[in-house]
Amino acid sequence: MEMGRSQEMSEEKKRILRERAKRLAQEPKDARTYEREMEVLEFLLGRERYAVETEYVREVYPMKELTVLPCTPDFLLGIVNIRGEILPVIDVKKFFDLPGKGITNLNKVIVVRKDPMAIGILSDEVINTYAIPLSDLTPPPPILTGIKADFLKGITHQQLILIDIEKIISDKRLIIHEEIE
Amino acid sequence: MNKKNGEFQKRLLATFKAEAEEHVKAITSGLIELEKDLPPETGMEVVERTFREVHSLKGAARSVSAANIESLCQATENVFSALKHKEIDLHPALFNTLHRVVDAFNEMIFSSDMGVGFKGERIAAIKEHLSKMEAGELTELQAPAGESGESFPAGTYLSAEVVRVPTEKMVALLLQAEEMVSAKLAVSQQMEDIAAILAMIEEWNRKWSKKYPEIQDLRRIEERKIRSENNRTNPAMSDAGLLEFLDMTRARIRSIEKKVVDLKRQTQQNRYSIGIMTENLLENSKKALMLPFAALFDSFPKIIRDLSHEHGKEVKLTVSGEEVEVDRRILEELRTPFIHLIRNGIDHGIEKPDRRVEVKKPKAGNIEIAVSLVEGNKAEITFSDDGAGVDIEKVREVSMSRGIAQASGNDQPADQEMLSLIFQSGFSTSPIITDISGRGLGLAIVKEKIEKLNGRISIESRQNQGTTFKIAMPLSLITFRGVLVKAVEQVFVIPTPNIERVIRINKEKIKTIENRETIPLEDITVPLARLGDILELPGIQEDRPFLHTVVVESAGKMIGIVVDEILSEQEVVVKNFNRHLSRIRNIAGATILGSGKVAPILNVQDLIKSAMKYHGAPLKVDGSKTKEEKRSILVVEDSITSRMLLKGILETSGYHVKTAVDGIDAITCLKTDKFDVVVSDVDMPRMNGFDLTAKIRSDKQISNLPVVLVTALESREDKERGIDVGANAYIVKSNFDQSNLLEVIKRLI
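Rules behind the numbers
- Residues numbered from 1 in each chain as written.
- Chains lettered and ligands numbered in written order.
- Predicted model: local features only at pLDDT ≥ 70, side-chain atom pairs only at ≥ 80, totals over all residues.
- Helix = DSSP H or I, 4+ residues; strand = E, 2+ residues; numbered from the N terminus.
- Buried ≥ 20, exposed ≤ 12 C-beta atoms within 10 Å, placed from the backbone.
- Contact = placed C-beta atoms within 7 Å.
- Nonpolar A, V, L, I, M, F, W, Y, C, P; charged D, E, K, R; others polar.
- Pairing = 2+ DSSP bridges.
- Axes fitted to C-alpha atoms, helices over the stretch in contact; angles between N-to-C directions.
- Core = buried A, V, L, I, M, F, W, Y, C linked by C-beta atoms within 7 Å.
- Expected span 1.5 Å × (residues − 1).
- pLDDT = per-residue confidence, 0-100.
- Parallel < 35°, antiparallel > 145°, perpendicular 65-115°, else oblique.
- Left-handed = near helix turned anticlockwise from the far one by under 90°.

Regarding the overall build of chain B
The secondary structure content of chain B amounts to 22 helices and 23 strands. The buried share of chain B, reckoned over its 749 residues, is 32%. Long-range pairs, those at least 24 residues apart, make up 68% of the contacts in chain B with a sequence separation of at least 6.

Next up, the structure:
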């Protein structure tokens, strides 16, 4: 809705707003600069360290029962019952088309939500939540582009891979809609 | 600012819509009442009441600046005012015009712009007509070209004597209520835990009693000692101090015991009260989602009136049992099928008045809808008309000529069977049958809709006496009965309403017709398909001399689904998928079983389609072909994911896989089945992989069975221990890759 309105805006208005935004975006010169941070939840998948922003994390749930659904894509491991709601659980590695090396001990479901959608992400181990400075985040190195860099927010100096939950949750591949002719 | 304003406008319009809908409904029922022959006094009351409703609608329309609605209200008010002052009389032409007005109101209310874009000429024409009427000129209003007589808005007619709450909010509440059941289970678990603590204390009590004489002896000796050596040197260090501590401990344990007993009593009470509260909450949440059938039926008088006028027929509606309550989501789904039934009844069932008089029926036809409650949670709805009935002979003729039904020899298919053919889609779209007996394409839609709601529909018809549709369906979406089946070690639910029967068939009875296995079922032949094949499950269903088969039916098609096991029939709670899984082939939803496990509910309509499409290997009836021995592997792993992963890898490589959750479970499996290799995790509850291996090695029967340990433990000692207990291979999880495991297994078998 907001988008629609901005398109109707006159060029003049847009220019004024753009200038104003630019001014506001300037860092104050003398004021003390605060490091901007982002709160993340770190988890392990095989030997790699991944993280998601905590604002999307609703809960971490021990994996008890997983029901496999036939006739669904590979990355959809199955469905779980979390407090009366049936959620799809995905394997991020398969979703990223990463080679599945190492038997993992996938036993924690990280429930992420971006209303109105929610999914479970399977992880080997959930490490901790903490804040990382935004400045620490760099674009994923080319070596990782194989895993669809689109779905990553970046990577930290400590090789923590930050997943873009919004992109994953709204990815078309996740919406399974198949009729039989 | 702007946005806020827009939001407000939107809310305001929504409120108006709701209010306007109520007024229009009241106006409609007022009009219909006036059409009956009322005593003059009652008639005036109704006029007055309806007049007021029109006036309120006008006020509401003004507040949202719906000018078209407002001005039409004004013109209508004038007519009512004339009626009130007896300047004009109630006349059939008047009603027709007023019903057109109501149609226009409805259309405008449900249009996105509140009738702003409504054709001005039409409003003007109606208004002009109204003013003529007001002046006493009573003529029929000519329906303008392009205006269909069936412009019923698609909006809901659900009554709102109470609070309007969006369905989804109610559903969210219901979900939470359902989850409270787990709180109830948790308290029960706590009770058990407390009982276990009490048992421990009890055991201590017994031991104490046994030791008590010895302690008493010790005490006596000690007392004597103290008396003899009056000069106590260091009492704290003496045995007396120890005895004192023993006494204190005993007293402490006693008081703990007392507290635990209290706790148990309290928990018991909690369990009871939480149980009651949860059940009540669940019950009431379900009830909050229920509406009476009347909410749907309320709109029928007007629909019937308009349709019968259109066809030059007279039709009355009799409704009973409209107070029966049903889940509102079902009620909303029932609207379309009912409209189809009404249309069919009026269009093709009920005869024109003169024809009716000819066959000595009352001039006005009757449509009767009766709802009755069956078994507390199901409804039986009969929808009947007293019209001409279905012409069976014509149906038979058409179906024969089109090859839908075949007359085998002299046996003519039974009438009932013929009748059920009219539910078939496409069947009745043929011009011949449409002209003769109608029962159009609509009936296929009706059947599909009803079946989607887990209901069933059947038809009875007698020539010249009428047609009756019988619908049996659940009143709530939440639960229905389903049969639990197992195929390739997974549990699925098949909705009972779709099941014709559950049978066990001898493999020798299977006949291959056109490359498809079939079984004879009384006088028809039913194609067979394995559930594992339909669902493309990776494993292979075992071949047995007798096949468990569930015969399902949907939209007139029947197939036999072969499963491994039929577990039980039970009430299941339907859980809808979240919107990511909007439509999965063959799966309708899921349910949570008593054990807490989630089981997929199968979509029978899809299954039949899939089975028809499935061109894979037909069921192997010929025993010799199946004899290609499959190697069998037992996977022992406590983590469900790893278990599934291993199972998947091994199955795709063509092994037959069975799983166990720990060593003890594995031992049980090993006793009943034969395996070629065991793949086991090390770290497991109850019995770990090392102990399992040792146990296998010590059992003469299976001591040669190869064992592969797959583990997270990568230390050298662990590896040595694995070799010590007799494992044939030791794979560390972090170095794991599929080919490695498969290679090892290949070497071992």
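Some words on the overall build of chain A
What chain A contains, in helices and strands, is 4 helices and 10 strands. Reading chain A from its N terminus to its C terminus gives the helix and strand order α-α-β-β-β-β-β-α-β-β-β-β-β-α. For chain A, with 181 residues in total, the buried portion stands at 29%. Summarising the internal contacts of chain A: among those between residues at least 6 apart in sequence, 55% fall at separations of at least 24.

Let's talk about the interface of chain B and chain A
Accessible area lost on assembly of the parts is the figure often given for the size of an interface. In this complex, chain B contributes 42 residues to the contact, which on the side of chain A involves 37 residues. Breaking the side of chain B that touches chain A down by element, the ones donating at least two residues are α6 (167-228), β17 (587-592), β18 (598-602), α17 (604-613) and α18 (640-652) of chain B. In terms of residues, the side of chain B that touches chain A owes the most to one element, α18(B), which gives 5 residues. Within the side of chain B that touches chain A, the residues separate by chemical class into 18 nonpolar, 12 polar and 12 charged.

Quick look at the sheet that holds strand β5 (residues 378-385) of chain B
Residues and elements named next belong to chain B. One open sheet accounts for 5 strands, arranged β2-β4-β5-β7-β6; its pairing is mixed. Strands at the two margins of the open sheet, each flanked by one partner only, are β2 (315-320) and β6 (456-462). Strand after strand, the sheet turns through a mean of 15° between neighbouring axes, direction not considered. Relative to β5, strand β4 (residues 365-374) is paired through 8 bridges, and the arrangement is antiparallel. For Val371, the partnering residue across the bridge sits in β5 and is Ile381. Where helix α9 (residues 300-310) meets the sheet, its contacts fall on β2 and β4, and the angle it forms with β2 comes to roughly 160°. Relative to the sheet, helix α15 (residues 442-452) contacts β6 and β7 (466-474), its axis offset from that of β6 by approximately 140°.

Re unusual backbone geometry
The phi dihedral of Cys71(A) falls on the positive side, at around 60°, and the residue is not glycine. Within the secondary structure, Cys71(A) is located in the loop between β3 (57-62) and β4 (76-82). Phi is positive for Glu536(B), close to 55°, though the residue is something other than glycine. For Glu536(B), a count of 13 C-beta atoms within 10 Å translates into the label partly exposed.

Re the pairing of β5(B)
Here 8 bridges tie β5(B) to β7(B), and the two strands are oriented antiparallel to one another. Counted as the bridge partner of Ile381(B) is Ile471(B) from β7(B).

Remarks on the environment of Ser372(B)
Residue and element names in this part refer to chain B. Relative to the helices and strands, Ser372 is located in strand β4. Taking the C-beta count within 10 Å as the criterion, Ser372 has 12 such neighbours and is therefore assigned exposed. The spacing of Ser372 and Val324 is 48 residues in sequence and 7.2 Å in space, taken between C-alpha atoms.

Considerations on the nonpolar core
In a soluble, globular protein the nonpolar side chains are often hidden away together inside. Core analysis: the biggest nonpolar cluster contains 77 residues, and Val52(A), Val89(A), Ile163(A), Ile494(B) and Ile561(B) have the highest contact counts within it. What Ile163(A) contacts, discounting residues up to four positions off in sequence, is Tyr50(A), Ala51(A), Val52(A), Val92(A), Phe151(A), Leu152(A), Lys153(A) and Ile168(A). The next biggest cluster of nonpolar side chains, apart from the first, holds 37 residues, and it includes Leu307(B), Ile350(B), Met418(B) and Phe423(B).

Focus: helix α2 (residues 11-25) of chain A
Counted at 1.5 Å a residue, the expected span for α2(A) with its 15 residues is 21 Å, and the 21 Å between its end C-alpha atoms agrees. Here α2(A) lies mainly on the outside; 0 of its 15 residues are buried.

Quick notes on the confidence of the model for chain B
Parts of the model with low pLDDT should not have their predicted coordinates read in detail. In this model, chain B carries an average pLDDT of 78, and 82% of its residues clear a pLDDT of 70 or more. The model gives residues 407-412 of chain B a pLDDT under 50, and that stretch makes 2 contacts with residues more than four places away or in other chains.

A look at the packing of helix α3 (residues 67-84) of chain B against helix α4 (residues 92-110) of chain B
Residue and element names in this part refer to chain B. It is the contact of α3 with α4, at a shortest axis distance of 10 Å, that shows an interaxial angle of 160°. The orientation of α3 with respect to α4, classified from their angle, is roughly antiparallel. Classified by chirality, the crossing of α4 by α3 is left-handed. Residue-level contacts link Asn68, Ile69, Leu72 and Thr76 of α3 to Val101, Ala104, Phe105 and Met108 of α4.

Description of the environment of Ala379(B)
Residue and element names in this part refer to chain B. Positionally, Ala379 belongs in strand β5. Assessed through the 22 C-beta atoms surrounding it within 10 Å, Ala379 is described here as buried. The spatial distance from the C-alpha of Ala379 to the C-alpha of Ser476 is 9.8 Å, given a sequence separation of 97 residues. Non-local contacts of Ala379, meaning those with residues more than four positions away in its chain, are made with Val324, Val326, Val371, Leu373, Val374, Met473 and Leu475.

Digging into the sheet that holds strand β20 (residues 656-660) of chain B
Residue and element names in this part refer to chain B. Spatially, the 5 strands line up as an open sheet ordered β20-β19-β21-β22-β23, and their pairing is parallel. Taken across any chain shown, the strands that pair with only one partner, and hence form the sheet edges, are β20 and β23 (729-732). Here the strands of the sheet are splayed against their neighbours by 20° on average, with no regard to which way each runs. Summarising the sheet, strand β19 (residues 632-636) and strand β21 (residues 677-681) pair through 4 bridges and their orientation is parallel. Pairing of Val635 across the sheet is with Val679, part of β21. Of the strands in this sheet, β19, β21 and β22 (707-711) touch helix α20 (residues 689-698), which is tilted by about 175° from β22.

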